[in-house]
Amino acid sequence: MPGNEAGSAVTEMTYRQALHDTLRAEMLRDESVFLIGEEIGIFEGSYKITAGLLEEFGPRRVRDTPISEEGFVGAAIGAAMLGLRPVVELMTINFSLLAIDQIVNHAAKIHAMFGGQIAVPMVIRTPGGGGQQLGATHSQNIEVYYAHIPGLKVVAPSTPADAKGLLASAIRDSDPVLLVENLALYNTKGQVPEGEHLTEIGRAAVAREGSDVTVVAYSHTVGIALDVATRLQAEGISVEVVDLRSLRPLDRSTVCASVRKTTRAVVIEDDWLSYGVGAEVVATIQEGAFYSLDAPVRRVAAAEVPLPYSKSLESAALPDARDLVKVIRETLDATGFAASGDRCA
Amino acid sequence: MPINAGTKTSRSSSNRAKPRSAPVRPDAGASEMQRMTVESPETLLGYYSQMVLIRSFEQRAAEMYTRAKIGGYCHLNLGEEATVVGLMAALEPRDYLFTTYREHGYALCRGIDSGRVMAELFGKSTGVSGGWGGSMHLFDTEARLLGGYGIVGGQIPPATGAALAIAYRSEPGPDAEAVMCLMGDGTTNIGAFHESLNLASIWHLPIVYVVINNGLGMGTTVQAASGEPELYKRGCSYRIPGVRVDGDDVVAVRDAAREALESARVDRQPRLLEAVSARLRGHSVVDPARYRSAQDVERAQELDPVANLRSKLLGEGVMDPTMAADVEAEAEAEVARAVAFAEGSPLPPVSELFAHSYATPVPNCPGNLPGESPFGSSLASSIAGAGK
Ligand SMILES: Cc1ncc(C[n+]2csc(CCOP(=O)(O)OP(=O)(O)O)c2C)c(N)n1
Ligand SMILES: [Mg+2]
C-alpha cells in the first residue's frame, strides 16, 4: 500500500488514543493543519480526543467555537480554500445536519463547480452510533446522507490502526473528507503501526478470510461480524468479513471479488435498512457478482424507528450478533448448505 | 462600539423616525458635488466607463438569455452599477471577494476578461469556471474572486473562514489582505449571516460584510422581511459597526468601503456596510416583476445611477457629449466582442465530465455515464458479464 512504510513495530492502543496521536502528529508535521470545533480546547473534546492539544499547540491551532455548526464548518471551508488544512470536530454526526448546507452545497461542490480551480482540503471528524441510551436525536448513523454526495469522501474506520491510517490520509487529502467515528469504538483496543501509517481512501479490507459466506460491514459492525465469524468457525462455517472502510468511494471490486469466492453475502449496518449503505452494497453485488450467487443477498440493519431511550427497546432495535448469526444461517439454509462443507446448491 | 460612531458616510438619523419605511439613502446633498470636484476627471471617467460596461454587458446578457444562448438563472446588476464599481474600486488586488449569484459586474471590475465571463454564461469551456458554474458561479483564482454562490447566504461562512486563514497566517497592518463578502438585503435574515458575524467578531477577522440593499429579495420588501429594516444596524448584536451609504453614489460607496476595509486589515475589526440601491428590472431575467408598483419602478428609474452620473459628468464638464458617446460605443464594442468570443468557443467535451471529481484522485471511482456499469469499463467486462 502506498505510503505504508511502517516497519513491523506496533503498539497496542485504543481507537481514541490512535485518533489523538494522529491529530498531534499531523499538527507537528504540517503548520497548516489546525483543529476547530465546539469544546475541543479547554473542555478537551466531548469524547476527549483532543485532550492536551490546546496546551501544546495554543488557541491558534486548537480553535474553540461557539455553538454554530453551519458557521464554523463553513469557515473551515473558506480556510481550506486559502490553503489551510482544517480538521473540524463535530460533537456527533447528528449535529452535522445544522451544517448540511455547507457540507453538501459548498464543501462538496466548490472544486467541480468552479471548474477545478480550487480545492477544499478539510476533514470533518464526528462520531455516530447508537446503543448508548442517548435517545432518538443523538444516536443516528446518517453517514449515508454524505456518502450519497459526489465531491465528498466518507470513511469509517473500525480499528485503531485504520483510525490512524485513515485520519492521516484524510488530513493529507485535498478533498473534503468526512471521517465517521463511533461512540462504541472509542475504548476498543488494537495493534497500531508505529510511525508513518497511511490507509488509502477508497479501499476496503478483507478483515478475515473465509469461504462459505461474505459478511460486509463497516465501522462498529465489523467487530460484530468478526465475533460471529469466530463463533461460527467452531461449527465449521467459514465466514469472510469485508470491512468497507470507505463509503465514498465504495470499493465495489473487493466486495464482488469476495462474493464471487463465497457465493453468498450478508450486509450488516447500524443504519436503518431502507436506502442505507446495505442497499447500495446489495445492488453492487447484484450488478457485479450475480452469476456467482447461490442465495439472495440479505441485510441486517436497524429497526426503522427513531431509536428509543429505554435499554430494552434500544437493544431490540439495533442489530447484534444474534441477528447476524440468524441471517447467516438462513442464507446458508436457503441453498442447502451443510456445515461439513458439501454444497447442494 | 456604537453604530455609526465617527463615520462620515452615515447620514441616516432621519430614517430612525420611520423605522419601517423603504430604505432611505443617506442624503449626500452638496457634499457629493464637492467630493466630485476633488476627484480627478480620469478617475470619474474611469468609474463611469466601468458602469457603462456593466450596463451594456447586462443588457446583452438579458438579450442572449431570451435568445436561449444562456440557460438556467440569470440575475443582473442593472441599477446597482455604482455600488458594484464603488466597491470594486476600494477592493485591492490582494483582497479576496466572495459574492452572490448577482455578480457579473463584480467579475468585470475585478479585471476578468468580459469574453470569459460571457463564455461562462454560455456554458463554454473558455468560461471563467470552464462551463461548470454558469451565471451564478463565476470564479477566478488570479482575480481572487472566490466565487459567486447561488445558495442565499452560503458564501458567508466560507468568506469568514477565508478571513480566518488570513488572520492565521499574517499580521494586521495597512498592507494586510482582507475579505469582502457581498450579499443582498434578504440574505441578512438567514442563520449563516448571524453565525458568521458572531464568529468574525469574537475572532477579530479582517472581513467586510457588504449588504447590497436593492429593496427587494425576489418579491419581498426589506420592510416586510426584516425585524430591523435598517440593515446596517444588524451587526449590533455582534458589536460590528455598521454604516449605510448611498449605493448610487460611486465615490461615496468607494470611500465607505475603503474605510471599512482599512479597519478590517489594520484593526482586525470586521465591518458591516449597507449600500442602498435599486433593482431596475426583475429578480432575474425571466421575472416580469408584476408585484412592483408603477411608482416604485418609476422611482428606481429616476435613481438610475448610470444616467445620473452621465448628466452630472456632463454638467460638471468632466465629459462632453462626444466623450460620452465614445464611452458608450467602446462598451458596446467590448460586449459585442465578448458575445462573439462566447459564441465561437467550444462546449466542454463530454470526456471532461469526471475531470473535477476530486482534487486528490482515488481508486474505485471510475465515473460512469447513465446506463454504464458502476464498475467502470475495464472491470465491467470482467465482473458483470462473467457467467458462473
Ligand atoms: C437558501 C436559499 N433560499 C432561497 C433561495 C431562492 N432565492 C434566490 S435569490 C433570493 C432572494 C435574495 O434576495 P436578496 O438577498 O435581497 O438578494 P438580491 O437577489 O436582491 O440581490 C431567493 C429567495 C436560494 N437561492 N437559497
Ligand atoms: Mg435584494
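Residues numbered from 1 in each chain as written. Chains lettered and ligands numbered in written order. Predicted model: local features only at pLDDT ≥ 70, side-chain atom pairs only at ≥ 80, totals over all residues. Heavy atoms only, no water.

A. Broad picture of the site of ligand 1. All names here are of chain B. By nearness alone, 14 residues border ligand 1, and Tyr101, Arg102, Gly186, Thr187 and Leu216 come closest of all. Separating an oxygen atom of ligand 1 from a side-chain N or O atom of Arg102 is a distance of 2.8 Å. Separating an oxygen atom of ligand 1 from a side-chain N or O atom of Asp185 is a distance of 3.1 Å. Surface burial for ligand 1 is 71%, taken as the share of its 590 Å² of free accessible area covered by protein chains. The residue inventory of the shell around ligand 1, partitioned by class, reads 5 nonpolar, 7 polar and 2 charged. (Near = heavy atom within 4 Å. Polar contact = N/O pair within 3.5 Å; in protein donor to acceptor, adjacent residues only side chain to side chain. Areas by Shrake-Rupley, 256 points an atom, 1.4 Å probe, with all protein chains shown as cover. Nonpolar A, V, L, I, M, F, W, Y, C, P; charged D, E, K, R; others polar.)

B. Quick look at the domain arrangement of chain A. Residues and elements named next belong to chain A. On domain assignment, one finds that chain A holds domain 1 (11-193) and domain 2 (205-333). The interface is formed by 28 residues belonging to domain 1 together with 23 residues belonging to domain 2. In total, about 2,000 Å² of surface goes out of reach between domain 1 and domain 2, with carbon and sulfur atoms giving 54% of it. In terms of surface lost to domain 2, no three residues of domain 1 exceed Gln133, Asn141 and Ala156, which account for 26% of the buried area on that side. At the junction of domain 1 with domain 2, the criterion picks out 1 salt bridge. Across the salt bridge formed by Arg245 and Asp162, the nearest N and O atoms sit 3.2 Å from each other. For the side of domain 1 that touches domain 2, the secondary structure elements donating two or more residues are helix H6 (143-147), strand S6 (153-155) and helix H7 (160-172). (Domains from an automatic or database assignment. Contact = heavy atoms within 4.5 Å. Buried area = accessible area lost by both parts, 1.4 Å probe. Salt bridge = Lys/Arg side-chain N within 4 Å of Asp/Glu carboxyl O. Helix = DSSP H or I, 4+ residues; strand = E, 2+ residues; numbered from the N terminus.)

C. Molecular detail of the state of the cysteines. Residue and element names in this part refer to chain B. Tallying each qualifying case throughout the model produces 0 disulfides over all chains. There is no disulfide at Cys109, and the cysteine sulfur nearest it, in Cys74, is 17 Å away. Of all cysteine sulfurs, the one in Cys109 lies closest to Cys181, which takes part in no disulfide; the gap is 18 Å. (Disulfide = S-S within 2.5 Å.)

D. Quick peek at the coordination of the magnesium ion (ligand 2). Donor atoms from the polypeptide that bind the magnesium ion (ligand 2) are Asp185 of chain B (OD), Asn214 of chain B (OD1) and Leu216 of chain B (O), placed at 2.0 to 2.1 Å. On the accessibility criterion, Asp185 of chain B (3% relative accessible area) is buried. (Donors = N, O, S within 2.8 Å, 3.2 Å for Na, K, Ca; no water. Buried < 20%, exposed > 50% of the residue type's maximum accessible area, 1.4 Å probe, protein only.)

E. Geometry of the sheet that holds strand S4 (residues 207-213) of chain B. Residues and elements named next belong to chain B. Taken in spatial order, the 6 strands of this open sheet run S2-S1-S3-S4-S8-S7, and their pairing is parallel. Edge positions in the sheet fall to strand S2 (145-149) and strand S7 (242-246), since each has one partner strand and no second. On average, each strand axis in the sheet is tilted by 15 degrees relative to the strand beside it, whichever way the strands run. Note that strand S1 (residues 96-100) and S2 share 3 bridges and pair parallel. Along S2, the bridge assignment pairs Leu97 with Leu145. (Pairing = 2+ DSSP bridges. Axes fitted to C-alpha atoms, helices over the stretch in contact; angles between N-to-C directions.)

F. Highlighting the nonpolar core. Ranked by internal contacts, the top residues of the largest apolar core, which has 85 residues, are Met81 and Met122 of chain A. When residues in this core are grouped by element, the largest group, 8 residues, is from helix H6 (residues 156-169) of chain B. Counting 73 residues, the second largest nonpolar core, distinct from the first, contains Met64, Tyr65, Ala257 and Ala278 of chain B. (Core = buried A, V, L, I, M, F, W, Y, C linked by side-chain atoms within 4.5 Å.)

G. Geometry of unusual backbone geometry. Arg248 of chain A connects to Pro249 of chain A through a cis peptide bond whose omega is -5 degrees. Counting through the fold element by element, Pro249 of chain A comes out in the loop between strand S12 (246-248) and helix H9 (252-262). Its identity is not glycine, yet Tyr275 of chain A carries a phi of approximately 60 degrees, on the positive side. Following the sequence through the fold, Tyr275 of chain A ends up in the loop between strand S13 (265-272) and helix H10 (277-289). Taking relative accessible area as the criterion, Tyr275 of chain A reaches 76% and is therefore assigned exposed. Positioned with a positive phi, Asn364 of chain B is a non-glycine residue whose angle comes to about 60 degrees. Mapped onto the fold, Asn364 of chain B is located in the loop between helix H12 (321-344) and helix H13 (376-383).

H. Structural view of the pairing of S4 of chain B. All names here are of chain B. Across the 7 residues that make up S4, a large majority, 7, are buried. With burial as the criterion, each face of S4 is covered, one bearing Ile207, Tyr209, Val211 and Asn213 and the other bearing Val208, Val210 and Ile212. In terms of strand pairing, strand S3 (residues 179-184) meets S4 through 6 bridges, oriented parallel. If you follow Met180 over to S4, its bridge partner there is Val208. The parallel pair S3 and S4 is bridged by helix H7 (residues 191-203), and the resulting crossover is right-handed. Relative to strand S8 (residues 271-276), S4 runs parallel, the two sharing 6 bridges. Each bridged residue has a counterpart across the sheet, and for Ile212 the counterpart in S8 is Ala275. (Right-handed = clockwise from strand over helix to strand, strands pointing away.)

I. Fine view of the interface of chain B and chain A. Of the residues lining the interface, 53 residues belong to chain B; the matching set on chain A comes to 64 residues. The contact between chain B and chain A buries some 4,500 Å² in all, and 64% of this surface belongs to carbon and sulfur atoms. It is Tyr168, Tyr358 and Asn364 of chain B in chain B that bury the most area against chain A; as a group they hold 17% of the surface buried on that side. Between chain B and chain A we count 0 salt bridges in total. For the interface between chain B and chain A, the tally reads 20 residue pairs in polar contact (both at pLDDT 80 or more).

J. Looking closely at the pattern of salt bridges. Residue and element names in this part refer to chain A. Summed over the entire model, instances satisfying the criterion amount to 36 salt bridges over all chains. For the salt bridge of Glu181 with Arg125, the shortest nitrogen-to-oxygen distance reads 2.6 Å. Highlighted residues: Glu181 in strand S7 (residues 177-182) and Arg125 in strand S5 (residues 123-128), separated in sequence by 56 residues. A residue is classified by how much of its surface remains accessible, and Arg125, at 2% relative accessible area, is buried.

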